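Listed below, chain by chain, are the residues.
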Amino acid sequence: MKFVTNLLGTALNLATVVALASATMVAALTRNLPDHRTLTSWEPAVTTRLYASDGTMVGEFARERRLFLPIGAIPARVRQAFLSAEDKNFYTHPGIDLASVGTALVANLANYGSGRRMIGGSTITQQIAKNFLLTSDRTVERKLREAILSLRIDQTYSKDRILELYLNDIYLGLGAYGVAQAALTYFDKPVGELSVSQAAFLAALPKGPNNYDPYRQAERATGRRNWVIEQMRQNGFIDAETATKATATPLGVKSRMHSPAIATADYFTEDVRRQLNGQYGDAALYTAGFSVRTTLDPRLQNAAMKALRKGLVAYDQAKGYRGPIERLPSTADWSSALAELRPLSDVPEWRLGVVLAAGTTEAEIGLRPQTAEPSGSAGAGETIRLDRQAVAWALCRSAKGSRGCAASVDGVLSPGDVVYVEKQGGGYVLRQPPLVQGALVSMDPNTGRVLAVAGGFSYAQSEFNRATQAYRQPGSSFKPFVYAAALDNGYAPTTLVMDAPIALADGAGRTWKPKNYDGRFSGPSTLRVGLENSRNLMTVRLARHLGMDLVADYGKRFGIYDELKPYVPMSLGAGETTLLRLVSAYAVIANGGKAVTPSMIDRIQDRYGRTIFRHDQRGCDDCNVSAWSGQEEPVPVDDREYVLDPMTAFQVTSMLRGVVERGTARNVSSLGVPIAGKTGTTNDEKDVWFVGFTPNIVTGVFLGYDTPKPMGNGETGGGLAAPIFIDFMKTALQGQPVADFHAPAGMMLEAIDRKSGQPVPGGTPGAIIEAFKPGTAPCASGCPIIDGFETASTSATAEVDLSPELREKLLTNGNGLY
């Protein structure tokens, strides 16, 4: 009996020691254990997506590319595939699966010393504990802490919630996190459309996405997928026939196809990215999962890039061929050598090629492979031929300021030359990336919504956005705002201003003598004629008569400048602004004088669908009534302030229509619809502009070298920028009703002689219909002439204060602006 008592006592003591040791170990393991309850507030990093106005996705920004889906939105076959591959007892075990742990233990003992990686036997719950709350250290202590956390997680959360965390967090290769993003990445389809075979492939990836890469490890990926399919059959999720059919199906991986709008919208989306980053910060931009509905019109965006590129290439080719973009030392392995070169990715119609042979009438070109083979090799090379017609523009070559012409193809192209070619008709033509740059912006003048932005020839070539970041002199495209200031202050379109030579002393012993572009002058002329023909001398006199403080105020009021120095040359557009700001200013004129806030974003929603930003701030009390009872259709209240008198806006518009019909932009009238606009050309033709508008769309175009230099004698906004505007507007006007400009109520319309401004009977040759404000009328005789100086003579000399920088610029480039 005593022996039994001692034995029991020893056992009790041993049990106590074991219990104390276990309690000590558990206490040590749970000390500083992460709080599993933090999973309740987990918000995964989600991709911010940008959408065009028609819903087309045009951009993504993310550190982890993920599209979060609640568990109810994930199809059963996808859940079943992952459970079969990772944790078939998920819905029955308490967070850890002892049977799986035992199997892993036996396998690890059998493989001990073999160098093989240990098997963990982890459940999905354990993977959640490790990925969210612990490190990936392969230690016994970490595994025990993981097990404790898994038990707690399983007790706290539902199985569906745990599976939801897992399926949205898991990394599945190629930059894709979660099953929804992986479905788009590998199969270019939403997760709800995945087949059994496709779901099984995704479920094969968690063990090692790189090991089962479908492009580099297709055989291993297929084998792993087929194993998952078999597990699904054994677990009763699919029948044998479905398993057999799924196993026989090729992987069918399909790279995600991007909309064509993405290739042309880089300048636009980068501007939106900068705005989001400035408003919400870098972390939110790349993790918060914003859904951003932009103002981009994909059809117009494609047209904008196409028109701008066409204009830039036409100008550049007219200046001659500059030679190859690079040379290969040997053409022996030309296909592989070309594959190493990076083409302009956003100009897919241009292909890189190398000259393999050249003769008097044609050249043989080897083309760069458009896609590399999965193995990384370049693949077989494709060759084409360029005849003399295909290189005709390049026969004259520019080099070191001189220009020489060749009579044959081999006088231009030599073996080893790397060049661009573009498919045209049934063959190819030679191309070269232009040195000149430019921009195009198109906007809805009634809302400020930016419809299209082309910031240069190619974003891949240069990320600098000439539409929003380049500050350049607008030249004569600023003049409408000088004339608007005059019309707002008692002048009429028929007011006469002297068009005659002027000499302005700069206060430093030198003289600035502005000139009209054509070097001629016309004496007393109406404001209309001055604007239609872009007369510099008239604009300078008018600005002096108004006062430069008033002109500077209008430049600021319209948002063209933050500040404009009150120097007389500024009336000719010598200040610097961006194309977007100038187009926004013209939008004010186009919409009848209301303030315009340009915007590339219509609305921003957070990851839960809540709207956190909306550009349209118009109020509409009756827009959200619960029921319709025969009431009138609600109309949003537009309470924007007027920047310009609506009558003045109509007068300026009428005068700018004259620019198109009779003035410096007559080529724009070929569009055949009512359009108003203004050209602009700066000193020495360093910048050329055209901004034009209809009642529903305003578009501006700018061309110039990034480092300003003359574009060539005789180059003007009407000759270079306006044709790009025309090409773009042909697309913009397609399918749109013809809209005309309407005079505000109370405005008087009278027939006048265009040149003299005097009233004439309707139908008189040279007569036009002019708009007058109440209380004003055309002058019949003895009309006053605005001189802009104290003297009444037809020429004048006066002093004008200039900054040293502006003084030097004007004296160096003395021909004025057009």
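These figures come from a predicted structure and were not determined experimentally.

## Notes on the sheet that holds strand β21 (residues 611-614)
Spatial strand order, β2-β1-β5-β20-β21: 5 strands in an open sheet with mixed pairing. Of all strands in the sheet, those bounded by a partner on one side alone are β2 (57-61) and β21. Within this sheet the neighbouring strands show an average axis-to-axis angle of 15 degrees, counted without direction. Where strand β1 (residues 48-51) and strand β5 (residues 291-294) come together, 3 bridges link them in parallel fashion. For R49, the partnering residue across the bridge sits in β5 and is S291. Packed onto the sheet, helix α12 (residues 266-280) meets β1, β2, β5, β20 (601-605) and β21 and runs at close to 50 degrees relative to β20.

## Observations concerning the state of the cysteines
Going through the model one piece at a time under the given rule, you end up with 2 disulfides. Here C620 is linked by a disulfide to C623, with a sulfur-sulfur distance of 1.7 Å. A torsion of 75 degrees about the S-S bond marks the disulfide between C620 and C623 as right-handed. Covalent S-S linkage joins C779 and C783, the inter-sulfur distance amounting to 2.1 Å. Classification of the bridge connecting C779 and C783 rests on its S-S torsion, roughly -105 degrees, and on that basis the disulfide is left-handed.

## Side note on the pattern of salt bridges
Any two side chains of opposite charge can pair if their charged atoms end up close together. Within this structure, the stated rule accounts for 43 salt bridges. Put simply, D602 and R449 hold a salt bridge, and the shortest N to O gap is 2.9 Å. Pair noted here: D602 is in strand β20 and R449 is in the loop between β14 (437-443) and β15 (450-454), with a separation of 153 residues, a long-range link. On the accessibility criterion, D602 (18% relative accessible area) is buried. With a closest N to O distance of 2.7 Å, R466 and D706 form a salt bridge. Here R466 is found in the loop between β15 and α16 (479-488), whereas its partner D706 is found in the loop between β24 (698-704) and α22 (717-732), with 240 residues between them in sequence. Exposure remark for R466: the relative accessible area of 2% places this residue in the buried category. Here the residues in one salt-bridge network are R528, E532, R657, E661, R662, D740, R754 and E770, joined through shared partners.

## What to know about the nonpolar core
Judged by nonpolar contacts, the single largest core of 141 residues is most densely connected at F481, L527, L542, F558, V668, F693 and F728. If we ignore the near neighbours within four places in the chain, the residues touching L542 are V482, Y483, A486, Y491, V497 and L527. By size, the runner-up hydrophobic cluster in this structure holds 54 residues, among which are A81, A183, V228 and A243.

## Here we look at the sheet that holds strand β19 (residues 523-526)
Read across the open sheet, the 3 strands follow the order β19-β16-β27; overall the sheet is mixed. The open sheet terminates on both sides in strands that have one partner only, identified here as β19 and β27 (785-786). By the bridge criterion, 4 bridges tie strand β16 (residues 496-499) to β19 in an arrangement that is antiparallel. By the bridge assignment for β19, V497 is matched with S525.

## Overview of the environment of R66
Looking at the secondary structure, you find R66 in strand β3 (residues 65-66). Exposure remark for R66: the relative accessible area of 0% places this residue in the buried category. Separated by 223 residues in sequence, R66 and G289 have C-alpha atoms that sit 8.5 Å apart. In this structure the side chain of R66 is engaged in a polar contact, spanning 2.6 Å, whose partner is the backbone oxygen of N168.

## Some thoughts on the pairing of strand β13 (residues 427-431)
Among the 5 residues that make up β13, 4 are buried, leaving the element largely enclosed by the rest of the structure. Relative to β13, strand β12 (residues 417-424) runs antiparallel, the two being bridged by 5 bridges. Paired with K423 across the two strands is Y428, which belongs to β13. Hairpin connection, β12 to β13: the antiparallel pair is bridged by 2 residues, and G425 has positive phi, about 65 degrees.

Rules of the game
- Residues numbered from 1 in each chain as written.
- Predicted model: local features only at pLDDT ≥ 70, side-chain atom pairs only at ≥ 80, totals over all residues.
- Heavy atoms only, no water.
- Pairing = 2+ DSSP bridges.
- Helix = DSSP H or I, 4+ residues; strand = E, 2+ residues; numbered from the N terminus.
- Axes fitted to C-alpha atoms, helices over the stretch in contact; angles between N-to-C directions.
- Contact = heavy atoms within 4.5 Å.
- Disulfide = S-S within 2.5 Å.
- Salt bridge = Lys/Arg side-chain N within 4 Å of Asp/Glu carboxyl O.
- Buried < 20%, exposed > 50% of the residue type's maximum accessible area, 1.4 Å probe, protein only.
- Core = buried A, V, L, I, M, F, W, Y, C linked by side-chain atoms within 4.5 Å.
- Polar contact = N/O pair within 3.5 Å; in protein donor to acceptor, adjacent residues only side chain to side chain.

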